[in-house]
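Okay, here's what each chain looks like letter by letter:
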Amino acid sequence: MKKKLIAGILAAGMALGLAACGGSASGSSSEASSSAASGSTAASTEGVSGAAASTSASSTVSAGDMKLVEPGKLHMATNASFPPYESTTDDGGFTGIDIDIATKIASDLGLELVVDDMDFSSVITSVQSGKSDIAMAGMTVNEERQKNLDFTESYANSIQSVIVSKDSDIKSIDDLKGKKIGCQEGTTGYIDASDTEENGGFGEENVTAYQDGATAVNALMQGKVDAVIIDNEPAKAYVAANDGLTILDTNYDEEEYAIGIAKDNKALYDAVNSEIKKLKEDGTIKGIIDKYIKE
Ligand code: GLN
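Below, the structure is looked at part by part. (Residues numbered from 1 in each chain as written. Predicted model: local features only at pLDDT ≥ 70, side-chain atom pairs only at ≥ 80, totals over all residues. Heavy atoms only, no water.)

## A short note on the site of the ligand
Inspection of the region around the ligand gives 13 residues, with Gly138, Thr140, Arg145, Thr188 and Asp231 positioned closest. In the environment of the ligand, a nitrogen atom lies 2.9 Å from a nitrogen or oxygen atom belonging to the backbone of Ala137. Separating a nitrogen atom of the ligand from a side-chain N or O atom of Asp231 is a distance of 2.6 Å. Isolated, the ligand exposes 300 Å² of accessible area, and the fraction of that covered by the protein chains is 100%. Residue composition of the shell around the ligand, by class: five nonpolar, five polar and three charged. (Near = heavy atom within 4 Å. Polar contact = N/O pair within 3.5 Å; in protein donor to acceptor, adjacent residues only side chain to side chain. Areas by Shrake-Rupley, 256 points an atom, 1.4 Å probe, with all protein chains shown as cover. Nonpolar A, V, L, I, M, F, W, Y, C, P; charged D, E, K, R; others polar.)

What follows is the structure, given as structure tokens:
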């Protein structure tokens, strides 16, 4: 049930995106105006003409229209313990797919990227309250989050995977019923797994939220939980790093990642959404993902 709902939202978003692409010429100025039509649900009720007019004047989006936390900088709210999308480096820097994409977007807009590292559960509020400009954290688009931020087109697909110990009797999603499950707090893995059974979840009483994925996996290793539900790429990283764990062949859910921007920052939304479209079309995003994820 949950799955269908999310798939429906994504399908609607993609249909809008496609419609906008179909109507636009290849120049970036028309891309900017079509993105105003394709964007959030808020855009459609606002009416397209005003928003389109404000961004279509030049091919490079003028930084003057955008609200930024700091002039000349693009602050990205993230949780840098989500490899290969974002993690810290030994020299105190940041690396990953999201970091590379955001660096490219910032430089195309004439801005310098600043990474604001925080708990995943603070990322949305940081953007909503104007402390960061964009939320980019392997963040899955869902209905609830769309009430708080406007999301760009998606730039990556993900799945929720189930990690169990190799000798576990859990072999399928159905086997999870009544078992103890660990997740990372605030994530879609937690939100969906802790939902009621009618909604495709396993009941709040059976799901524990840990501060991060690593702590959830430690709980699994210590036998405090029977399974961990988490995004597939970090799941692969945890299984590779810890003997005795495996990922179930069946996935719990399918999701898409996008960038979230404050609802009152339409000019920044249009600029970043146009960038995402461009970087998808010209293969830049695929190149970055392929660099970090080797099949
Ligand atoms: N994709 C998941 C979510 O949006 C997890 C993201 C994360 O932990 N960084 O909830």
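## A closer look at helix α10 (residues 232–241)
Looking only at α10, the buried set comprises Asn232, Glu233, Pro234, Ala235, Tyr238 and Val239. Where α10 is buried, its residues meet β2 (81–82), β8 (156–165), α9 (213–221), β11 (227–231) and β12 (245–247). (Buried < 20%, exposed > 50% of the residue type's maximum accessible area, 1.4 Å probe, protein only. Helix = DSSP H or I, 4+ residues; strand = E, 2+ residues; numbered from the N terminus. Contact = heavy atoms within 4.5 Å.)

## Some details on the sheet that holds strand β3 (residues 86–88)
Strands sit in the order β2-β3-β4 across an open sheet of three strands; the sheet is antiparallel. Edge positions in the open sheet fall to β2 and β4 (94–95), since each of these has one partner strand only. Bridge count between β2 and β3: two bridges; the pairing is antiparallel. Each bridged residue has a counterpart across the sheet, and for Phe82 the counterpart in β3 is Glu86. (Pairing = 2+ DSSP bridges.)

## Re the sheet that holds strand β1 (residues 73–78)
Pairing between the strands of a sheet comes from backbone hydrogen bonds, and it takes one of two forms, parallel or antiparallel. Spatially, the five strands line up as an open sheet ordered β5-β1-β6-β14-β7, and their pairing is mixed. Sheet topology places β5 (112–117) and β7 (149–151) at the edges, where each strand pairs with a single neighbour. By the bridge criterion, six bridges tie β1 to β5 in an arrangement that is parallel. Directly across from Leu74, in β5, lies its bridge partner Leu113. Against the sheet, helix α5 (residues 97–108) makes contact with β1 and β5, and its axis sits at roughly 145° relative to β5, the strand it touches most. (Axes fitted to C-alpha atoms, helices over the stretch in contact; angles between N-to-C directions.)

## Some details on the packing of aromatic side chains
For the structure on display, the rule yields four aromatic pairs. An angle of 85° between the planes, with centres 5.0 Å apart, marks the rings of Tyr85 and Tyr257 as edge-to-face. Of the two residues, Tyr85 sits in the loop between β2 and β3 while Tyr257 sits in strand β13 (residues 253–257), which places them 172 residues apart along the sequence. Tyr85 sits in the buried class, given a relative accessible area of 3%. Geometrically, the ring pair formed by Phe202 and Tyr252 is tilted, given 5.5 Å between the ring centres and 40° between the ring planes. Taken together, the residues span a long stretch of sequence, with Phe202 in the loop between α8 (188–193) and β10 (207–210) and Tyr252 in the loop between β12 and β13 at a distance of 50 residues. Tyr252 shares its class with Phe202; the two are buried. (Phe/Tyr/Trp six-rings, centres within 6.5 Å; stacked < 30°, edge-to-face > 60°.)

## Here we look at the packing of α5 against helix α11 (residues 266–281)
Where α5 contacts α11, the two axes come as close as 10 Å, and the packing angle between them is 115°. Remark: the crossing between α5 and α11 carries right-handed chirality. Along the contact surface, α5 presents Ile101, Lys104, Ile105 and Asp108, while α11 presents Val272, Glu275, Ile276, Lys278 and Leu279. In terms of residue class, the contact of α5 with α11 is built from five nonpolar, no polar and four charged. (Left-handed = near helix turned anticlockwise from the far one by under 90°.)

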